[in-house]
Structures are given as C-alpha cells and as structure tokens.
Amino acid sequence: MVKRSSAPWTVTDGRAGNVRQAVALASALRQGTHRPLILQPRAPWRWLAPRRLPGDVHGYGQALATLAADAPALAIGCGRQAAGALRVLRARGSQVVQILDPRIGSRHWDVVVVPEHDALRGSNVLTLIGSLNPVDDDWLAWGRAAFASFSTLPGPRTALLVGGPTPLAPWDETAMVHVFQALAEQIRSEGGSLLATTSRRTPPALAEILRAKFADLPHVIWGDGGDGVNPYAGLLGWANRVVVSPDSVNLLSEASATRMPVMVALADTAQGRLARFQQQLRERGRLQPRWLDWQYDRIEPLRETTRIAAEVKARLASR
C-alpha cells in the first residue's frame with residue numbers, strides 16, 4: 001500500500017476568513033506544506049451541507065472528487081461547506097479536522113475546533129478564545145521586514161482595521177465617521193500616523209470618507225482591490241496601537257495576538273457571540289478600558305493557535 005503524505009490539505013469555500021483559519025492551523029501543525037482545495041458546491045449540497053446525500057463525492061466540485069479518489073492522510077476544513085466535504089474524505093480514510101460549528105453532532109469529524117463563545121461541546125471538541133490565525137512574533141517580524149518603508153511614518157502609528165456592518169454588529173456608518181474624526185483629531189494633536197485597511201464588506205462611501213479624513217495626515221490606507229499588495233502584516237507589525245471595528249472575530253483575534261494595546265470602535269453595537277468574545281477579552285485585560293485612553297503596560301498577547309495545534313496533534317495520534 002502506498003503511504004499517504006502527512007502534509008495536510010486545507011478545504012474551504014474560498015472565503016477569506018475560512019481560508020485564513022484553516023491555513024493557520026495547517027501551518028501550526030508543522031507537517032509539511034499544506035495543499036489548498038477550494039470547493040465548488042452545487043445544489044442540493046450547497047444548501048444542505050454538512051448532511052450527507054447519495055453521490056456527495058461529486059457534490060462539491062471536481063477537485064474534491066479527484067482528491068477523494070486518493071484521499072489524503074489529513075484534511076482541515078473551515079465553514080459549513082467544508083464540513084460536508086470533510087465527511088466525504090473521512091469516509092474514504094482521511095483524518096479530518098473541522099473548524100467552526102458544523103451545526104450537527106461533532107461525531108462526524110475526528111476533531112472539531114470552535115470558539116468558546118459558541119455553544120458546541122463534546123469529547124472531540126476543542127475550544128479557543130477567538131479564532132485561529134498566524135499572528136506571532138515571527139509573523140510580525142516578517143511583516144516589518146516586508147514593509148520596511150512603514151518605519152519612516154511618524155509614531156505613534158495607529159492601525160485601523162475596518163470591516164462592515166453585520167446582523168450581530170449593525171453599526172451605523174455615521175457613527176464610524178465620528179470614529180475616523182476622533183482618530184484624526186488625536187493624530188493632529190499628538191502627532192503620529194495612520195495605518196488603515198478596509199475590507200470587501202466596508203461600504204464604498206465609507207472607505208472614501210476614510211481617505212478624505214486622513215488626506216492631510218501621514219498615512220497608509222489599503223482597500224480590498226486596486227491598492228496593490230495587501231500590507232496587512234506590515235500594518236500590524238509596525239503599529240503601536242490598534243483600533244478594530246466590532247464586526248469581525250477574526251480581525252479582533254489577530255489584533256489581540258499582537259503585543260499592542262487594542263480597542264474596539266463602536267463596541268456597544270456588538271451582539272450575541274461578538275459581544276461574548278469582547279467580554280472574554282475584557283476579562284483578560286486585553287482591551288483598552290476607555291476610548292483613546294491608551295495604556296501600554298503589561299500587555300499579554302492572545303495566541304491560541306499553537307496550543308490548539310498541539311492538542312489536535314495529540315488527538316489525531318491517539319486515534
């Protein structure tokens with residue numbers, strides 16, 4: 001029998017947040033360079049995943065069908081579509097790790113990894129605060145080296161990470177403009193610069209207002225498309241402090257994995273699991289207690305990915 005490669009495959013729907021978590025775990029396992037697979041689900045699997053249906057080996061696209069014919073030793077997926085595809089691979093002998101709640105019983109996967117602010121628990125369920133991500137001292141050092149020109153921007157450098165309103169964080173665009181204004185006034189008063197990024201969820205008009213508010217100040221502002229190479233690692237690597245919009249567990253987890261002070265703009269708009277996550281960070285002393293009243297002492301970064309990777313390795317080895 002041909003021995004299967006131990007290097008993991010990452011299986012996702014291609015959404016940036018899901019890809020980022022799967023790749024972060026695959027990299028932290030240190031079992032070789034991961035290989036990515038992007039699913040192309042069709043009806044009815046697109047709607048019913050992760051439930052199994054006859055013929056599901058062909059329900060998530062040709063790439064999965066090809067992989068299933070010679071199933072890998074390990075596959076790591078993130079998101080509901082991936083959860084269904086992982087069940088196909090497990091039935092063919094792969095060990096599979098599912099990231100995020102699959103919304104059905106966890107017994108269908110070897111290991112399930114979910115944030116503590118979700119309700120899912122089980123003997124094969126691992127929980128973490130926030131989300132899996134690559135941010136550690138080496139990653140931040142790489143970001144500083146890759147974007148060394150940011151060192152010429154005056155300090156303190158404020159990183160601003162802006163997502164977009166969601167049902168669990170329905171913040172108002174006008175209120176976010178006021179956040180921009182407050183940051184701009186602080187930089188004018190004390191000096192410094194802005195390192196900002198928006199996402200594909202950021203309302204286009206708001207992204208334009210952001211650029212206008214800081215046009216006369218030292219800044220780097222990157223938007224999702226049209227602004228060249230994404231300098232995200234450089235933004236976090238060179239920042240002295242970080243402001244995050246309240247709508248993304250991933251953005252806030254990555255900001256909290258730095259050693260910089262972090263605050264959430266419009267924090268009171270967060271609901272449900274987002275509010276619970278923020279409360280966990282407050283209890284750990286990881287968030288700034290007051291708006292723009294920066295405290296830099298005794299900041300412990302939130303870094304869960306290495307711990308989770310070690311636990312995943314141990315669980316899989318025991319099976």
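Residues numbered from 1 in each chain as written. Predicted model: local features only at pLDDT ≥ 70, side-chain atom pairs only at ≥ 80, totals over all residues. Heavy atoms only, no water.

### A short note on the environment of Gly14
Part 1 of the argument: Looking at the secondary structure, you find Gly14 in the loop between strand 1 (9-12) and helix 1 (16-29).
Part 2 of the argument: Spatially, the C-alpha atoms of Gly14 and Ile38 are 5.5 Å apart, while their sequence positions differ by 24 residues. (Helix = DSSP H or I, 4+ residues; strand = E, 2+ residues; numbered from the N terminus.)

### Points about the nonpolar core
Part 1 of the argument: Judged by nonpolar contacts, the single largest core of 50 residues is most densely connected at Leu160, Phe214 and Val242.
Part 2 of the argument: No other element matches helix 6 (residues 173-190), which puts eight residues into this core.
Part 3 of the argument: For Leu160, the residues in contact, after removing those within four places along its chain, are Phe180, Leu183, Leu194, Leu195, Ala196, Thr197, Leu210 and Val243.
Part 4 of the argument: Judged by nonpolar contacts, the second largest core, of 25 residues, contains Leu37, Val88, Leu89 and Ile104. (Core = buried A, V, L, I, M, F, W, Y, C linked by side-chain atoms within 4.5 Å. Buried < 20%, exposed > 50% of the residue type's maximum accessible area, 1.4 Å probe, protein only. Contact = heavy atoms within 4.5 Å.)

### Let's talk about the pattern of salt bridges
Part 1 of the argument: Across all of its chains, the model carries 13 salt bridges by this definition.
Part 2 of the argument: In this structure, the salt-bridge partner of Arg20 is Glu254, at a minimum N-O distance of 2.5 Å. Highlighted residues: Arg20 in helix 1 and Glu254 in helix 9 (residues 249-256), separated in sequence by 234 residues.
Part 3 of the argument: Accessibility expressed as a relative area gives 29% for Arg20, which makes it partly exposed.
Part 4 of the argument: When the shortest N-O distance is used, the salt bridge between Arg241 and Glu190 registers 2.5 Å. Taken as a pair, Arg241 in strand 10 (residues 241-244) and Glu190 in helix 6 lie far apart in primary sequence, 51 residues in all.
Part 5 of the argument: Since its relative accessible area comes to 40%, Glu190 is described here as partly exposed. (Salt bridge = Lys/Arg side-chain N within 4 Å of Asp/Glu carboxyl O.)

### Brief notes about the domain arrangement of the protein
Part 1 of the argument: What the domain assignment lists for the protein is domain 1 (9-132 + 306-318) and domain 2 (137-284).
Part 2 of the argument: The gap between the C-alpha centroids of domain 1 and domain 2 is 30 Å.
Part 3 of the argument: Summed over both partners, the interface of domain 1 with domain 2 comes to about 920 Å²; 48% of that surface belongs to carbon and sulfur atoms.
Part 4 of the argument: The largest contributions to the domain 1 side of the interface with domain 2 come from Arg20, His117 and Ile129, which together make up 62% of the buried area.
Part 5 of the argument: The interface formed by domain 1 and domain 2 holds five residue pairs in polar contact (both at pLDDT 80 or more) in total.
Part 6 of the argument: Looking at the side of domain 1 that touches domain 2 residue by residue, the class counts come to one nonpolar, five polar and three charged. (Domains from an automatic or database assignment. Buried area = accessible area lost by both parts, 1.4 Å probe. Polar contact = N/O pair within 3.5 Å; in protein donor to acceptor, adjacent residues only side chain to side chain. Nonpolar A, V, L, I, M, F, W, Y, C, P; charged D, E, K, R; others polar.)

### Looking at the sheet that holds strand 10
Part 1 of the argument: Taken in spatial order, the five strands line up as 9-8-7-10-11 in an open sheet, and their pairing is parallel. Every other strand in the sheet has two partners, leaving strand 9 (219-222) and strand 11 (262-264) as the edge strands with one partner each. The sheet shows a mean angle of 15° between the axes of neighbouring strands, direction not considered.
Part 2 of the argument: Relative to strand 9, strand 8 (residues 193-197) is paired through four bridges, and the arrangement is parallel. Within strand 9, the position partnered with Ala196 by the bridge is Ile221.
Part 3 of the argument: The strands touched by helix 7 (residues 204-213) within the sheet are strand 7 (157-161), strand 8 and strand 9, with strand 9 carrying the most contacts at an inclination of about 170°. (Pairing = 2+ DSSP bridges. Axes fitted to C-alpha atoms, helices over the stretch in contact; angles between N-to-C directions.)

### Let's talk about helix 9
Part 1 of the argument: The buried count for helix 9 comes to eight of eight residues, which makes it a mostly enclosed element.
Part 2 of the argument: What helix 9 keeps buried is the set Val249, Asn250, Leu251, Leu252, Ser253, Glu254, Ala255 and Ser256.
Part 3 of the argument: Those residues of helix 9 that are buried are in contact with helix 1, strand 7, helix 8 (232-238), strand 10, strand 11 and helix 10 (272-283).
Part 4 of the argument: A side-chain oxygen of the first residue of helix 9 lies 3.3 Å from the backbone nitrogen of Asn250; this N-cap is Ser248.

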